[in-house]
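Secondary and tertiary structure notes
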Amino acid sequence: MASARRNLEVPSIPTRRATPRTKQRPPTAPFYLPLNTTLYVCLVSNAIAAFLAPIQDCDEVFNFWEPTHYLDHGYGLQTWEYSPVYSVRSWLYITIHAIAGKISSFALGSKFSQFYAIRCFLAVCCAACQTRLYSAICRTLSPRIGLLFLMIVAFSPGMFHASASFLPSSFAMYMSMLGLTAFLDWRAGQKTAQGIMWFGLGAIVGWPFVGALILPLLLEDVVIGFISGSLWTVFFSILNGVLRCLVILAVEIGTDYAFLRKLTIVPWNIVAYNIFGGEGKGPDIFGTEPWTFYIKNLLLNFNIWFVFAMSAAPLLILQAAFRQHTTSKETLFRTVTLITPFYLWFTIFTLQPHKEERFMYPAYPFLALNASISFHMVLSYIGSGNPEEIIGRVPAKLKLAAVMAVVLASINAGLLRTIGIITAYNAPLNVFAPLEEPGIGQAGDSVCLGKEWYRFPSSFFLPNGMRPKFIRSEFRGLLPGQFPDSTNLPSLLEGTSQIPSGMNDLNEEDPGKYVDISQCSFLVDSSFPGRAATELEPDYLHDESQWKPLSCHSFLDTSQTGILGRLVWVPDIPIIPDRFRRKWGQFCLLQRHARKD
């Protein structure tokens, strides 16, 4: 049984061999991409995301970028999650990123450069984790499975979103890759304790629900230990891993105590809020989605690879039933263990009424692994040269063409989706650039956010001294408040430990969060042909008596664009029929006209 941990023995596609005169030639070695090249591929892929990916979720801005800005610059927006009353966000997670931002500030002048430096830090961390997992897959499973895994994570829109996102679910994804690597890699013995530590780090510092992914892997170790008579060794390894996690938890509790001036266990607070919140509370108040949400979302983000990921179990059953010579009991057991975490995660979160794309991030490496194993089994069958099987009589060139068509179609679909997202939605990352020009603004100016409040990319895009403010719009939920200003570490810790006013966990509006528009020196607004103006959301862009456009960028008008244009990039050229072309609005930064004395 233990040998199954070292190699997933599924036959590879046989190569054409010449008739030997004296002895057979050895089979061609599977292609293996060197680790340095793998790292470069992941770095390039993730760096593109770091510099170009739009922020998809306002949670990322207000719950993570803004507290980081507060630690680095002494002011920022504060959500109810950071109130000591609720304490459902970890200051340890924020501090790690704030340190990266502070270090970058010594070399970079502008704050928006620090924003991209933190994103690059995340991209490098993700690339290192991807490379380590690729290496473990190639060594313990198959170089072909490793290559497929690399191709999926490098070209899928889902990984484009997740790789450089400043979100606990992305951090949990990094740690799940390292944890899976530990459970795969048996060089110098089992690494159960190390695997538990990595998953524990992702659960404690990142997102506690990632602990579900370790269960099938841990169960396999227990079963192997029971069969091999080394159950006590497994038990002590588990205990070792738990002790490491307790040390991590102690560090987090200590960090949060320093910021909140109270003892609290943030991972438990997250679980309690999301699962035991009670009636009228919990994540469901922010919206629910049908059970098909993740199916549609993963088809968009991984296209054909999601289909292969879901097909891993059925294909394994068919292979075990009809191609028994290729699948030993050990290999079958090992493969079931590896493909189960994604199914488990997908099932758990499909059953939850409140669904968001980022909830799938921790399982993305397992999706890619499932799809790689699944496609590997398909290739093994297609590559059969047995003339007694139908597939064995199909010309090799035809089979190669079919395989390449699938691979190229998936890569192209992923690239079209990624380019479409970049070109359609990255205006908020570019519109604030004029504020860095001399003479445009000054310290104390307010940049106001109305109906576009949820697309604000964070205070990192505003020069020092400029503050974001909210004006009334049609939105009727709870907006962020302000952290108390701080000038040094003691005042900063005093600010994070104060209980802010007007906060609640019911998403109930607080009128104190708004300012009058007369206090706004600048205003972020948008104008879309498909959106009608209202009393609370007038068309400020065309109010030339009060405002002048300082910077405008195209933003996709989803209400006027067909489904094809919303899903992928469609070139704006005359030969494309109008019904397929993308329609645009304007996303603008406006400046108030100077008052005449």
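Above: the structure in question.
Model, not experiment: these values are computed from the prediction.

So, how was this worked out
- Residues numbered from 1 in each chain as written.
- Predicted model: local features only at pLDDT ≥ 70, side-chain atom pairs only at ≥ 80, totals over all residues.
- Heavy atoms only, no water.
- Helix = DSSP H or I, 4+ residues; strand = E, 2+ residues; numbered from the N terminus.
- Buried < 20%, exposed > 50% of the residue type's maximum accessible area, 1.4 Å probe, protein only.
- Contact = heavy atoms within 4.5 Å.
- Pairing = 2+ DSSP bridges.
- Axes fitted to C-alpha atoms, helices over the stretch in contact; angles between N-to-C directions.
- Salt bridge = Lys/Arg side-chain N within 4 Å of Asp/Glu carboxyl O.
- Phe/Tyr/Trp six-rings, centres within 6.5 Å; stacked < 30°, edge-to-face > 60°.
- Lys NZ or Arg CZ within 6 Å of the ring centre and 35° of its normal.
- Disulfide = S-S within 2.5 Å.

Relative to the helices and strands, Ser83 resides in the loop between strand 1 (77-78) and helix 3 (91-105). Among the residues examined, Ser83 registers a relative accessible area of 1% and is labelled buried. When near neighbours in sequence (up to four residues on either side) are disregarded, Ser83 contacts Gln78, Ile499 and Pro500.

Read from one edge to the other, the open sheet built from five strands follows the order 3-2-5-7-6, with strand pairing classed as mixed. Where the open sheet ends on each side, the last strands, each with one partner, are strand 3 (467-470) and strand 6 (547-556). Taking the axes of each pair of neighbouring strands and ignoring which way they run, one obtains an average angle of 25° across the sheet. Pairing analysis gives six bridges linking strand 5 (residues 522-527) to strand 7 (residues 584-592), with the strands arranged antiparallel. Paired with Ser527 across the bridge in strand 7 is Gln586. The strands touched by helix 17 (residues 396-425) within the sheet are strand 6 and strand 7, with strand 6 carrying the most contacts at an inclination of about 165°.

With that settled, the discussion passes to the pattern of salt bridges. Opposite charge on two side chains permits pairing when their charged atoms draw close. In the structure shown here, the tally under the stated rule is 18 salt bridges. For Arg261, the salt bridge goes to Glu494, with nearest N and O atoms at 3.7 Å. Of the two residues, Arg261 sits in the loop between helix 10 (231-260) and helix 11 (266-275) while Glu494 sits in helix 18 (residues 489-497), which places them 233 residues apart along the sequence. Of the residues examined, Arg261 reaches a relative accessible area of 44% and is grouped as partly exposed. On the basis of relative accessible area, Glu494 is assigned to the partly exposed category, the value being 38%. Note that Glu356 and Arg358 form a salt bridge whose closest N and O atoms lie 2.8 Å from each other. One exposure class covers both Glu356 and Arg358, and it is buried.

With that settled, consider the environment of Trp65. Structurally, Trp65 is set in helix 2 (residues 58-73). With relative accessibility at 0%, the residue Trp65 sits in the buried group. Taking the C-alpha atoms as reference, Trp65 lies 25 Å from Asp516; in sequence the two are 451 residues apart. Once you skip the residues sitting within four places of it in the chain, Trp65 turns out to touch Ile55, Glu60, Phe115, Ile118, Arg119, Phe166, Ser458 and Phe460.

Of all nine residues in strand 7, seven are buried, a share of seventy percent or more. Relative to strand 7, strand 6 runs antiparallel, the two sharing nine bridges. For Ser551, the partnering residue across the bridge sits in strand 7 and is Leu589.

Evaluation of the coordinates by the stated rule reveals 46 aromatic pairs. Between Trp207 and Trp345 the ring centres are 6.0 Å apart and the planes differ by 65°, which places this aromatic pair in the edge-to-face class. Here Trp345 lies in helix 15 (residues 329-350) and Trp207 lies in the loop between helix 8 (192-206) and helix 9 (215-228), a separation of 138 residues in the sequence. Take Trp207 and Trp345: they sit in the same class, and that class is buried. Put simply, the rings of Phe51, Phe64, Trp65, Tyr93, Phe115, Tyr116, Phe166, Phe171, Phe460 and Phe461 pair up and form one aromatic cluster. The lysine or arginine in question, Arg467, covers the ring of Tyr75, its NZ or CZ lying 4.0 Å from the ring centre.

Attention now moves to the state of the cysteines. Scanning the entire structure with this criterion turns up two disulfides. Through a disulfide, Cys448 is tied to Cys520; the S-S separation comes to 1.9 Å. Its S-S torsion of about -90° marks the bond between Cys448 and Cys520 as left-handed, since a negative value means left-handed. Placement of Cys448 in strand 2 (residues 446-449) and of Cys520 in the loop between helix 18 and strand 5 is noted, with a sequence separation of 72 residues between them. By relative accessible area, Cys448 is classed as buried at 0%. Residue Cys520 is classed as buried on the basis of its relative accessible area, which comes to 2%.

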